[in-house]
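Chain by chain, the residues:
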Amino acid sequence: MNLEQSTRIAVALGREAARSSSLCGVCVEVLVVAGAGITIMGGRQTGPVCVSNKRMAALEDLQFVSGVGPCQDAYRFGHPVHAPRFDASAVSRWPTFVDLANASGVGAVFAYPLTNNGAKVGVLTIYQDHEGDLTEAQNDDSVALVEVLTETVLSLQDAAPVGTLAAELEDSVMYRAQIYQASGMVAVQLHTSVADALVRIRAHAFSNSRTVSEVAADIVTRRLRLVDDRTDREGEGLNGF
Amino acid sequence: MASEIDESRARTRQALTASTFVEIVDTLVGDFDVIEVLTLLSARCVELLGASAAGILLADASGLLRVIGASTEQIELLELFQIQNDDGPCLECFRTGATVMNGDLRASSPWPEFAIETVRAGFPSVCAVPLRLNDVILGCLNLFLSVPAPLSPQDVALAQALADVASIAIVQDEVTRKAAIREGQLRRALDSRIAIEQAKGMIAERGRVDMDEAFSRLRAFARNNNRGLSEVAESLVAGTLTIDSLAQVRRPPPPPSRRD
């Protein structure tokens, strides 16, 4: 890596901030915005490393669960996605996300993929309470932050033993630990793969108007067994094997 | 007459130069195979510079120069590139970072052995221009000519420009390759960390235990079988290891009430 001196220094400070879970706080301070979230994404979907406050946590969570939102789009397409106001096109692209954003008093969202030389590691999402574009300076700073954050994440993982997630990045998995655990439990209950189990959990949450996190918590604490949903039909030999 | 021919020749060369740069730059903005690009560059060097053969040599980690792209597959020629690790214009160019040229090896040469071999192969004139990035010398572009005359200053400048394009291709390839490796490592670490949580859920459900106990069982099985925690978790999730085999190894006669 041939990083500029200032970037190298910023990355070193970034690693330190990640250790104290204050990376998002730094972003909010640099950009002077209402909130920020940093999400790490891998082969399977993963979660936020940090979120600056609870309101934003719910919005990040919704995007993970539904797979739909500006953050998901930025990651998928590999370029920034700006929603300075929730107009008709935003509503049609991300209906549930816009509902929750409106309800929680968020007026604008800007998502920047964390990419560097083709490597994609996640997304920086910036939240504003009011409508309107970021200033040119805020946009420039976001682009600079993306470079630092991407290198920070990669260098944290570089320092970890091969195959083991860097301790500073653990939160991205632990944040959703119950959902992953519940997927494992439901996979055994339904004799299915964990991926299918997660689909069933999502479907259950959707049809009962609950969040996936709530349903997962009920499954892990054994207040809910998804096999119960289907006992009748399974008795009739569903799938016939 | 002569000047008219020269002029038309110059125009043809200008057009060829332009199309060569368009062709190469076009390749570099997409996903490219670096060996392919360097082979193409070598071939274009021959056409543009009136050389008989061209090769691009890169220094490996130990500083040994290796041919990674050439306008020819002829063994005798490839050997002419390679023998320069002992002595020759490439080695000198690599060490000094300066262009090295000898218009007539038959007259005089600081590299006697190299000169004999090269003249015998039919190339009395040689040139080596550095592949550089800032102050770092990566290797060199080596040209063999069948006419005993040095390259013109314009040709040397063009050769240097082509060498610079080669350097960009090499560095860009290395940067993206490194980035892809790092992303892959992060991805695998995330996936295996997630698999551990999923495996805990599977064990907890089958064994009717809490997550802490499920994790202890997972870890115990991995230890007892000399396997990695992530690998065991991933096998469970993938279905290549059954939870029952795991439970049996851990607790042979399991009366659940006997715990604590």
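Keep in mind that this is a model prediction, so the values were computed, not measured.

(A) Layout of the overall build of chain A. For chain A, the count of helices and strands is 12 helices and five strands. Over its C-alpha trace chain A gives a radius of gyration of 20 Å, about what one expects of a compact globule, namely 18 Å for 241 residues. The principal-axis extents of the C-alpha atoms in chain A amount to approximately 65 × 45 × 30 Å. Of all 241 residues assigned to chain A, the portion counted as buried reaches 46%. For chain A, restricting intrachain contacts to residue pairs at least 6 apart in sequence, the fraction spanning at least 24 positions comes to 61%.

(B) Quick peek at the sheet that holds strand S3 (residues 100-102) of chain B. All names here are of chain B. Across the sheet, which stays open at both edges, the five strands sit in the order S2-S1-S5-S4-S3 with antiparallel pairing between neighbours. Sheet topology places strand S2 (65-70) and S3 at the edges, where each strand pairs with a single neighbour. Put simply, the sheet's adjacent strands are angled 20° from each other on average, direction ignored. Judged from the six bridges that link them, strand S1 (residues 53-59) and strand S5 (residues 136-145) form a sheet pairing that is antiparallel. Its bridge partner lying in S5, Leu58 is registered against Gly139. Across the sheet, helix H2 (residues 34-49) is in contact with S1, S2 and S5; its angle to S2 comes to roughly 75°. Running at roughly 40° to strand S4 (residues 125-133), helix H6 (residues 153-207) makes contact with S1, S4 and S5 of the sheet.

(C) Spatial organisation of helix H9 (residues 177-190) of chain A. Residue and element names in this part refer to chain A. Given a rise of 1.5 Å per residue, 14 residues ought to cover 20 Å, and the 20 Å separating the end C-alpha atoms of H9 matches this to within 8%. Most of H9 is tucked away, with 12 of its 14 residues classed as buried. The set of residues buried in H9 consists of Ala177, Gln178, Ile179, Tyr180, Gln181, Ala182, Ser183, Gly184, Met185, Val186, Ala187 and Gln189. Phi turns positive, to about 50°, at His191, one or two residues after H9.

(D) Region of the structure containing the pairing of strand S1 (residues 35-40) of chain A. Residue and element names in this part refer to chain A. For S1, the tally of buried residues reaches six of six residues, placing the bulk of the element in the interior. Where burial is concerned, the two faces of S1 agree: the one with Gly35, Gly37 and Thr39 and the one with Ala36, Ile38 and Ile40 are both buried. Where S1 meets strand S5 (residues 119-128), six bridges bridge the pair, whose relative direction is antiparallel. From the neighbouring strand, Ile38 faces S5, where its bridge partner is Leu124.

(E) Seen up close, the interface of chain B and chain A. Facing 29 residues of chain B, the contacting portion of chain A comprises 31 residues. For the side of chain B that touches chain A, the secondary-structure elements that each account for two or more residues are H6 and helix H8 (229-238) of chain B. The greatest single-element share of the side of chain B that touches chain A, amounting to 25 residues, is contributed by H6(B). For the side of chain B that touches chain A, the residue count by class is 13 nonpolar, six polar and 10 charged.

(F) Region of the structure containing unusual backbone geometry. All names here are of chain A. Residues other than glycine seldom take positive phi values, yet Val32 does so here, at roughly 55°. Structurally, Val32 can be placed in the loop between helix H2 (23-31) and S1. Looking at Val32, the number of C-beta atoms within 10 Å reads 10, which means it is exposed. Residue Ser209 is not a glycine yet carries a positive backbone phi of 50°. Mapped onto the elements, Ser209 comes out in the loop between helix H10 (194-207) and helix H11 (212-220).

(G) Examining the environment of A:Leu224 more closely. Residues and elements named next belong to chain A. Among the secondary structure elements, Leu224 is positioned in the loop between H11 and helix H12 (231-235). A tally of 21 C-beta atoms within 10 Å means that Leu224 is categorised as buried. Among residues more than four places away in sequence, those in contact with Leu224 are Val215, Asp218 and Ile219.

(H) Spotlight on the nonpolar core. Counting residues in hydrophobic clusters, the biggest one holds 93 residues, and the most contacted among them are A:Leu23, A:Val123, A:Leu124, A:Ile201, A:Ile219 and B:Ala199. By residue number, the principal contributor to this core is H6(B), which donates 11 residues. Those residues in contact with A:Leu124 that lie beyond four places of it in its chain are A:Cys27, A:Ala36, A:Ile38, A:Tyr112, A:Leu114, A:Ser142, A:Leu145, A:Val146 and A:Leu149. Residues B:Ala51, B:Leu105, B:Trp111 and B:Leu143 belong to the second largest nonpolar core, which totals 46 residues.

(I) View of the packing of H2(B) against H6(B). Residues and elements named next belong to chain B. Packing of H2 against H6 brings their axes to within 10 Å, and their N-to-C directions diverge by 175°. The angle between H2 and H6 falls in the class roughly antiparallel. Every residue of H6 that contacts H2 at Val34, Val37, Leu38, Leu41, Arg44, Cys45, Leu48 and Leu49 is listed here: Asp155, Leu158, Ala159, Leu162, Val165, Ala166, Ala169, Ile170 and Asp173. For the contact of H2 with H6, a count of residues per class yields 14 nonpolar, no polar and three charged.

(J) Local environment of the environment of A:Ile9. All names here are of chain A. In this fold, Ile9 is placed in helix H1 (residues 5-19). Classification of Ile9 by C-beta neighbours within 10 Å gives exposed; the count is 12. Put simply, Ile9 and Val148 are 139 residues apart on the chain and 9.4 Å apart in space, counted from C-alpha to C-alpha.

(K) How the structure looks around the packing of H1(A) against helix H7 (residues 136-158) of chain A. Residues and elements named next belong to chain A. Remark: H1 packs on H7, axes separated minimally by 9 Å, with the N-to-C direction vectors making an angle of 60°. With respect to their mutual orientation, H1 and H7 come out oblique. Where H1 crosses over H7, the two elements pack in a sense that is right-handed. Contacts between H1 and H7 involve Thr7, Ala10, Val11, Gly14, Arg15 and Ala18 from the former and Glu147, Val148, Leu149, Glu151, Thr152, Ser155 and Leu156 from the latter. Residues of the contact of H1 with H7, tallied by class, amount to six nonpolar, four polar and three charged.

What counts and what doesn't
Residues numbered from 1 in each chain as written. Chains lettered and ligands numbered in written order. Predicted model: local features only at pLDDT ≥ 70, side-chain atom pairs only at ≥ 80, totals over all residues. Helix = DSSP H or I, 4+ residues; strand = E, 2+ residues; numbered from the N terminus. Rg over C-alpha atoms; globule rule 2.2 N^0.38 Å. Buried ≥ 20, exposed ≤ 12 C-beta atoms within 10 Å, placed from the backbone. Contact = placed C-beta atoms within 7 Å. Pairing = 2+ DSSP bridges. Axes fitted to C-alpha atoms, helices over the stretch in contact; angles between N-to-C directions. Expected span 1.5 Å × (residues − 1). Nonpolar A, V, L, I, M, F, W, Y, C, P; charged D, E, K, R; others polar. Core = buried A, V, L, I, M, F, W, Y, C linked by C-beta atoms within 7 Å. Parallel < 35°, antiparallel > 145°, perpendicular 65-115°, else oblique. Left-handed = near helix turned anticlockwise from the far one by under 90°.

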